[in-house]
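Survey of secondary and tertiary structure
The lines below spell out each chain.
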Amino acid sequence: MVGMTKPFLMLTSRDDGPVLAAECADLPRFSGLTPDQVRQVRMERELPDLDLSEYSGAFICGSPWDANADDHLKEERQVRAEAWLRSFYDRALGESFPILGLCYGLGTLTLHLGGVIDTHHGEEISGIALTKTDAGREDPLLEGTPDRFHSYVGHHEAVRELAPGMQVLLAGDDTPIQMVRVGEAAWATQFHPEMDLEGVNVRIDQYAGRYYPVEKAEAIRAQVATVDTDPSRLVLQNFVRRFQR
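First, a word on scope: everything that follows refers to the structure included in this document. (Residues numbered from 1 in each chain as written. Predicted model: local features only at pLDDT ≥ 70, side-chain atom pairs only at ≥ 80, totals over all residues. Heavy atoms only, no water.)

**Topic: the nonpolar core**
Note the cut-off: We call a set of buried Ala, Val, Leu, Ile, Met, Phe, Trp, Tyr and Cys residues a nonpolar core when their side-chain atoms join them within 4.5 Å. Three exposure classes are used, based on accessible area relative to the maximum for each residue type with a 1.4 Å probe and protein chains only: buried under 20%, partly exposed in between, and exposed over 50%. Starting at the N terminus, helices and strands are each numbered in turn, a helix being any DSSP run of H or I of at least four residues and a strand any DSSP run of E of at least two. For this analysis, residues touch if any pair of their heavy atoms sits within 4.5 Å.
Of all hydrophobic cores here, the largest spans 31 residues; its most connected members are Leu9, Leu11, Met43, Leu85, Phe88, Phe97 and Ile99. Broken down by element, this core gets its largest block of residues, six residues, from helix α2 (residues 76-95). The residues touching Leu9, leaving out its near neighbours within four places in the chain, are Arg39, Val41, Leu50, Leu52, Tyr55, Gly57, Ala58, Phe59, Phe88 and Phe97. The next biggest cluster of nonpolar side chains, apart from the first, holds 27 residues, and it includes Val38, Leu142, Leu169 and Val240.

Below, the structure written as structure tokens:
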């Protein structure tokens, strides 16, 4: 990224452990960024005042938190982080600051804009097919991808009703809304373009009993090895190329 002077934000909310380590290594690598081109904000620990003019854009990463849980069931740190995130979204959307939400990023953005998420379209850890809509075929973040390609998922919640202004770019066979766009500089995915086979196996190891029944581990491990998810990485790379400054 010759000439890039402003880093990208990476907003995470995971405790220390193998999943966080994989996420922090893989997202920059698959986006084409070096470590010094990313500033991580660990929302479970810190909620800083940010001058968005100092950054090229932001990734809002996956999370163990369920965004649609009742507030009284959430940890205090989640409640605080989501209040901070709502303010961040207001500023980003108001200033056309580039954002790309990943999984939890889609859920929180949808709720913030008045849409509905619930558990109706949850998916176990798996490699799934994604199909472009007409809008997706024209979207710059999907440039270079085929009309149908694969990526990895694993989530309790998904979009049930779009928020006003959301446009669907990718659909899934079981979860209809897999990627959306809002305006000129905001996107979000339900799938994980930052996750490769090694990364999804880390999740399989760590999330037995949470995102899938323990007894299905080996079947899931076999299934995720059958799909080529390389095209999904273009979503990250196109985002960075479009907004690096």
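**With respect to helix α1 (residues 18-31)**
Defined as follows: Expected helix span is given by 1.5 Å per residue-to-residue step, counting one fewer step than there are residues.
Helix length check: α1 (14 residues) gives 20 Å between terminal C-alpha atoms against 20 Å at 1.5 Å per residue, within 8%. Those residues of α1 lying buried are Val19, Leu20, Ala22, Glu23, Asp26, Leu27, Pro28, Phe30 and Ser31. In this fold, the buried residues of α1 make contact with β1 (8-12), β2 (38-42), β3 (57-60), β4 (99-102), α5 (197-206) and α7 (233-243). Two residues or fewer after α1 comes Gly32, characterised by a positive phi angle close to 85 degrees.

**Description of the pairing of strand β11 (residues 186-189)**
Using the following cut-off: A strand pair is defined by DSSP finding two or more bridges across the two strands.
Here β11 shows no split at all, with Ala186 and Ala188 on one side and Trp187 and Thr189 on the other all buried. Pairing geometry for β4 and β11, over four bridges, is parallel. Opposite Leu100, over in β11, you have Trp187 as the bridge partner. By the bridge criterion, four bridges tie strand β10 (residues 179-182) to β11 in an arrangement that is antiparallel. Bridge pairing links Val182 to Ala186 in β11. Where β10 hands over to β11, the hairpin turn is made up of three residues, of which Gly183 adopts a positive phi near 70 degrees.

**Some details on unusual backbone geometry**
One non-glycine residue, Ser96, adopts positive backbone phi at about 55 degrees. Looking at the secondary structure, you find Ser96 in the loop between α2 and β4. Within the chain, Cys103 stands out as a residue other than glycine whose phi angle is a positive 65 degrees.

**Here we look at the packing of α2 against helix α3 (residues 104-112)**
For clarity, the cut-off: Convention adopted: a line fitted to C-alpha atoms gives each axis, helices being fitted over their contacting stretch, and angles between N-to-C directions are expressed from 0 to 180 degrees. Put simply, angles under 35 degrees are roughly parallel, angles over 145 are roughly antiparallel, angles from 65 to 115 are roughly perpendicular, and the rest are oblique. Under this grouping Gly is polar, as are all residues other than the nonpolar Ala, Val, Leu, Ile, Met, Phe, Trp, Tyr, Cys and Pro and the charged Asp, Glu, Lys and Arg.
α3 packs onto α2 with a crossing angle of 75 degrees between their chain directions and a minimal axis gap of 10 Å. On the basis of their axis angle, the class for α2 and α3 is roughly perpendicular. Residue-level contacts link Glu82, Leu85, Arg86, Tyr89, Asp90 and Leu93 of α2 to Tyr104, Gly105, Thr108, Leu109 and His112 of α3. Here the residues of the contact of α2 with α3 sort into five nonpolar, three polar and three charged.

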